[in-house]
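# Structural features, examined
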Amino acid sequence: MQPQPVVTQRTLVAYVEDLPGVLNRVASLFRRRNYNIVSLTVGRTHEPGMSRITLVVEADPDVSRRIQANLYKLVNVVSVEDITDVPNLIRDVALIKVSTNQSDAETDAAVVREAICRLAEDYRARVVDVADDAMTLEVAGRLEKIEKIVEALRPFGILEMAQSGVIAMSRGGQSLVAAQKNAARDPHRAA
Amino acid sequence: MTAAAKPTPSANVSADAETSPERLGAEVIWEALIREGVDVVFGYPGGAVMPAYDALSKYPQVRHILTRHEQGAAHMADGYARASGRVGVCIATSGPGATNLVTGIATAMLDSVPMVAITGQVAAPLIGTDAFQETDVTGVTLPITKHNYLVTRAEDIAPTIREAFYVARSGRPGPVVVDITKDAQQATIIPEYSTEPVRLPGYRPEHHPSGSDYSAAVEMIAQARKPLLFCGHGVIKSGATDTLIAFAERTDIPVAVTLLGLGGFPASHPLSLGMMGMHGEAWVNQAIQEADLIIAVGMRFDDRVTGTLSTYAKNAKKIHVELDPAEINKNVRVDLPLIGNAGDVLEELLARVAPSSHPDWRGRIDELKGDSAVRDIRSMPDNGRLFAAHVMHDLWQLTDGKALIVTDVGQHQMWEAQYYKHDYPRKLVTSGGLGTMGFALPAAMGARLACPDDEIWVIAGDGGFQMTSPELATCKQENIKVNIAIINNGYLGMVRQWQQFFYGGRYVATPIVSPDFVKLADAHGLEGLRVTRRADIPAAVATARANDVTTIIDFRVEQEDSVYPMVPSGSDLGTMIRRPRVDGGEHNPIFETGKDK
């Protein structure tokens, strides 16, 4: 038996044509092939007519290669890259609304706010809204960083939270679009 | 699906085809199809596709075959494509017309058949309103097509159809759906027909292995002592039969075929082993388990081929010649993928390999073959009863092995694969991946239109045949002549066999009552015959061949015969249920298991 490959989260970025239904095709592929999506984001790029999809999936490198090969089979997918193992930038933005009304009436709201602000500083979060009874923080970074601040804020009482999903890019001068324009990259070789 | 909504007043004013450059979208559909070389389409009209049907009257160069069900239209387009290698075309209306195509589209998808399905759609402003006969056709067909399109503007019809044909036939082929709204069909435009090559920014149908990959393959082949070649559907699709023969002869490597690879390597060739897998020859599966190198060409290691993966071909290094990178390591981990067109890759390998010979290995395989001869149903004494295997064997002999056979799905399909020895590519049309009952008759009709000079035989079970038998009326109306052999055992035979082997012999919902097929043929203005004894096969076959009309032969075969050998689903490939020996050495074991037998 071959050693069991390690299943970890892998980050894929794909350029797709900005056409109706393309996101559906990508999502349908993952459902159909039973691949597990952790995060999927899609947005416009500087290139007209092109969207960029960032996918975080649970997969080992070989499954990731097969996901890429399957993505390439979608006619509207222009290029795909697994950037997990290259120097990369991975960002997720979260908005976290925290209560400043503590149950024990002894604690003053101002004290609570101050504590939350200190936490925000520690985690490089920004305070983006302050109300009588709540504060909202914005934090950007890797998933782990967001998970940590969530845990730190939990004792105060998180009222609401929203996450953007992951966007990612390789570091350095390499460009996925440029690589695609060099054409005929064999997806089997991508792994 | 003739429940046409409000018929629109005839909008033909613009279409003086000779003088005016203006065309209705509906006319552009046909002109675009004609530009792709289409001369026959299979279809069924209805409300949302009526403008297209109305326009068809202006294009007599396109023959339309009116089917009795849209599933038949899809299978006909499929059979047309498989027999010819060209793109098959079917057409249906929105809603139920389109959903009735679904089984046929999925059948084509699983077997990589190039097909374009045109469907009418409700007018664009009505999309999303649950309008009469509205279905989200692109949504429904998304996972069972290579690609699909929703066209809402007449201007987009011609480029989309052109792109659809390109996608359907290039790379690993597959079905493409073009869903065209009724208002796009009704709009008047001045069409522009491109003659430029289709350019799709993200579509890369071609791949080529690197030189170092070829060198690695040559080295692995040189090292091998017990090598096997696998011939899959990709060999036939890429027209690589001659190259494969040359390669096998140069390297002295025996060739096993998949179900869809039958005919890709001639069965009568000394290096031909026969079919592998669940109902493959015992010696083939045993050889696979003993091999030290497998060169799999144009196949995808389907579960019906491998049995349980954990014990599959463990002694063999594997080279996978395959056009679709997504197939690599999907089921079986391979040591060396050669990603590219089967014909191109074999050509390059052939130029690089040294001649070799493997007498010990071939001797070992001959040894494995020995035991099977005494189990072969052809060796059974004629006990007066008719066995399906006899029908296949005799039909093979009577047609010199040259007929184009179209099978349905089930026991007869496996018997055909075992006993009709295919020496030529594209002479077997069968639904392998999806296993679609009801496929045979309509697919054979499509094959007939693709190959007017071939002798065509439908081989179907009594169950599957009834799924699409209304197409007999289409045979009559369109004067399509095929020969039909119904292997009639009164059961859904393959399910019955599983019930016998694995479900305690409880024949739940498998006994099936059929119409009198002779009278059924007669009712359609066709001819029917019945055969109950082996001695009567030649005369019946001769009658069918001589008839001008489609002729059914109702072969009343042994009711509870089973297909042997059989690798039970999910079992080790070497573990087979074998046909009891017919040399009198064994009595009444319905089956026996074990690779030592």
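Residues numbered from 1 in each chain as written. Chains lettered and ligands numbered in written order. Predicted model: local features only at pLDDT ≥ 70, side-chain atom pairs only at ≥ 80, totals over all residues.

### Some details on the overall build of chain A
When helices and strands are counted, chain A shows five helices and eight strands. Taken from the N to the C terminus, the helices and strands of chain A come in the order β-α-β-β-α-β-β-α-β-β-α-β-α. Going through the 191 residues of chain A one by one, you find that 30% of them count as buried. Considering only contacts within chain A whose residues lie at least 6 apart along the sequence, 74% involve residues at least 24 apart. (Helix = DSSP H or I, 4+ residues; strand = E, 2+ residues; numbered from the N terminus. Buried ≥ 20, exposed ≤ 12 C-beta atoms within 10 Å, placed from the backbone. Contact = placed C-beta atoms within 7 Å.)

### Here's the deal with the overall build of chain B
The number of helices and strands found in chain B is 22 helices and 20 strands. Relative to the globule expectation of 25 Å for 597 residues, the C-alpha radius of gyration of chain B, 25 Å, shows essentially globular dimensions. Considering only C-alpha atoms, chain B reaches an extent of 80 × 60 × 40 Å along its principal axes. Taking all 597 residues of chain B together, 55% fall into the buried category. Long-range pairs, those at least 24 residues apart, make up 76% of the contacts in chain B with a sequence separation of at least 6. (Rg over C-alpha atoms; globule rule 2.2 N^0.38 Å.)

### As for the confidence of the model for chain A
If pLDDT is low for a region, its predicted coordinates should not be looked at in detail. When pLDDT is averaged along chain A, the result is 87, and 86% of the positions lie at 70 or above. Per-residue pLDDT stays below 50 along residues 182–191 of chain A; that stretch engages in 23 contacts with residues further than four places along the chain or on separate chains. (pLDDT = per-residue confidence, 0-100.)

### Concerning the domain arrangement of chain B
Residue and element names in this part refer to chain B. Along its sequence, chain B is organised into domain 1 (12–189), domain 2 (211–371) and domain 3 (380–556). For domain 1 versus domain 2, the distance between C-alpha centres works out to 38 Å. The interface is formed by five residues belonging to domain 1 together with five residues belonging to domain 2. Residue composition of the side of domain 1 that touches domain 2, grouped by class: one nonpolar, two polar and two charged. (Domains from an automatic or database assignment. Nonpolar A, V, L, I, M, F, W, Y, C, P; charged D, E, K, R; others polar.)

### Focus on the interface of chain B and chain A
Listed by partner, the interface residues are 19 residues for chain B and 21 residues for chain A. Its residues assigned to classes, the side of chain B that touches chain A shows eleven nonpolar, five polar and three charged.

### Thoughts on the sheet that holds strand β7 (residues 175–181) of chain B
All names here are of chain B. Spatially, the six strands line up as an open sheet ordered β3-β2-β4-β5-β7-β6, and their pairing is parallel. Strands with a single pairing partner mark the edges of an open sheet, and in this sheet they are β3 (63–66) and β6 (147–151). On average, each strand axis in the sheet is tilted by 20° relative to the strand beside it, whichever way the strands run. The sheet contact formed by strand β4 (residues 88–92) and strand β5 (residues 115–121) spans five bridges and is parallel. Bridge assignment links A92 to a residue of β5, and that residue is T119. Packed onto the sheet, helix α3 (residues 70–84) meets β2 (40–43), β3, β4 and β5 and runs at close to 170° relative to β4. (Pairing = 2+ DSSP bridges. Axes fitted to C-alpha atoms, helices over the stretch in contact; angles between N-to-C directions.)

### Some details on the packing of helix α17 (residues 440–450) of chain B against helix α19 (residues 471–478) of chain B
Each pair of packed helices can be summarised by the angle the axes make with each other and by the distance between the axes. Residue and element names in this part refer to chain B. Taken N-terminus to C-terminus, the directions of α17 and α19 make an angle of 20°; their axes are 9 Å apart at the nearest point. Considering their axes alone, α17 and α19 lie roughly parallel with respect to each other. Judged by the twist between their axes, the crossing of α17 over α19 is left-handed. Counted together, L441, P442 and M445 of α17 and E471, T474 and C475 of α19 form the full contact between these two elements. Per-class residue counts for the contact of α17 with α19 are four nonpolar, one polar and one charged. (Parallel < 35°, antiparallel > 145°, perpendicular 65-115°, else oblique. Left-handed = near helix turned anticlockwise from the far one by under 90°.)

### Thoughts on the environment of R385 of chain B
Mapping R385 of chain B onto the fold places it in the loop between α14 (359–373) and α15 (388–398). Separated by 149 residues in the primary sequence, R385 of chain B and R534 of chain B place their C-alpha atoms 7.2 Å from one another.

### Observations concerning the packing of helix α10 (residues 241–251) of chain B against helix α13 (residues 342–352) of chain B
Residues and elements named next belong to chain B. Two elements in contact, α10 and α13, have axes separated by 9 Å at closest approach and are oriented at 30°. Classified by the angle their axes make, α10 and α13 are roughly parallel. Pair α10 / α13 crosses with left-handed handedness. In contact with T243, L244, A246, F247 and R250 of α10, α13 contributes G343, L346, E347, L349 and L350. Residue composition of the contact of α10 with α13, grouped by class: six nonpolar, two polar and two charged.

### Let's talk about the domain arrangement of chain A
All names here are of chain A. By domain assignment, chain A separates into domain 1 (8–85) and domain 2 (90–167). On a C-alpha basis, the centroid separation for the pair domain 1 and domain 2 is 31 Å. Taken residue by residue, the interface counts six residues in domain 1 and five residues in domain 2. Breaking the side of domain 1 that touches domain 2 down by element, the ones donating at least two residues are β2 (36–44) and β3 (50–59). Ranked by the residues each element gives to the side of domain 1 that touches domain 2, the list is headed by β2, at three residues.

### Thoughts on the sheet that holds strand β1 (residues 8–17) of chain A
Residues and elements named next belong to chain A. Taking strand neighbours across the sheet as the criterion, the four strands line up as β2-β3-β1-β4 in an open arrangement whose pairing is antiparallel. Whereas interior strands pair on both sides, the edge strands pair on one side only; in this sheet they are β2 and β4 (77–82). Along the sheet, successive strands turn relative to each other by an average axial angle of 20°, direction set aside. As paired elements, β1 and β4 share five bridges and run antiparallel to each other.

### Details of the pairing of strand β18 (residues 483–488) of chain B
All names here are of chain B. Burial of β18 is extensive: six of the six residues sit out of reach of the surface. Going residue by residue along β18, you find N483, A485 and I487 tucked away on one face and I484, I486 and N488 tucked away on the opposite face as well. Across five bridges, the pairing between strand β17 (residues 456–461) and β18 is parallel. Note that in β18 the partner of W457 across the bridge is N483. Direction of pairing for β18 relative to strand β20 (residues 551–556): parallel, over a ladder of six bridges. From the neighbouring strand, I487 faces β20, where its bridge partner is F555.

### Brief notes about helix α4 (residues 96–110) of chain B
Residues and elements named next belong to chain B. Spanning 15 residues, α4 covers 22 Å between terminal C-alpha atoms, matching the ideal 21 Å at 1.5 Å per step. V102 marks the point of greatest bend in α4, at about 35°. Taken across its 15 residues, α4 has twelve buried, putting it largely inside the fold. All buried positions along α4 are accounted for by G97, A98, N100, L101, T103, G104, I105, A106, T107, A108, M109 and L110. At its buried positions, α4 is contacted by α3, β4, β5, α5 (137–141) and β7. (Expected span 1.5 Å × (residues − 1). Bend = angle between axes of the 7 residues up to and from the residue.)

### Overview of the nonpolar core
Membership of the largest hydrophobic core comes to 207 residues, with the highest contact counts inside it found for I29, C90, V116, V297, V458 and A485 of chain B. Examining the composition of this core, we find that eight residues originate from one element, α17 of chain B, more than from any other. Residues I96, V98, A120 and M135 of chain A belong to the second largest nonpolar core, which totals 14 residues. (Core = buried A, V, L, I, M, F, W, Y, C linked by C-beta atoms within 7 Å.)

### Some details on the pairing of strand β7 (residues 134–141) of chain A
All names here are of chain A. In this structure, strand β5 (residues 88–99) lies alongside β7, joined through eight bridges in antiparallel fashion. Residue S99 lies in a different strand from β7, and its bridge partner there is A134. One ladder, built from four bridges, connects strand β6 (residues 126–130) with β7; its direction is antiparallel. Among the inter-strand pairings, V127 is bridged to a residue of β7, identified as L137.

### Here we look at the environment of D82 of chain A
Tracing the backbone through its elements, the reader meets D82 of chain A in strand β4. Through-space distance from the C-alpha of D82 of chain A to that of Q68 of chain A is 7.9 Å; in sequence the pair is 14 residues apart.

### Re the environment of D129 of chain A
All names here are of chain A. Within the secondary structure, D129 sits in strand β6. Overall, the presence of 11 C-beta atoms within 10 Å leaves D129 in the exposed class. Measuring from C-alpha to C-alpha, the distance between D129 and K97 comes to 8.6 Å, with 32 residues separating the pair along the chain. Once residues within four sequence positions are removed from consideration, D129 is found in contact with M135 and T136.

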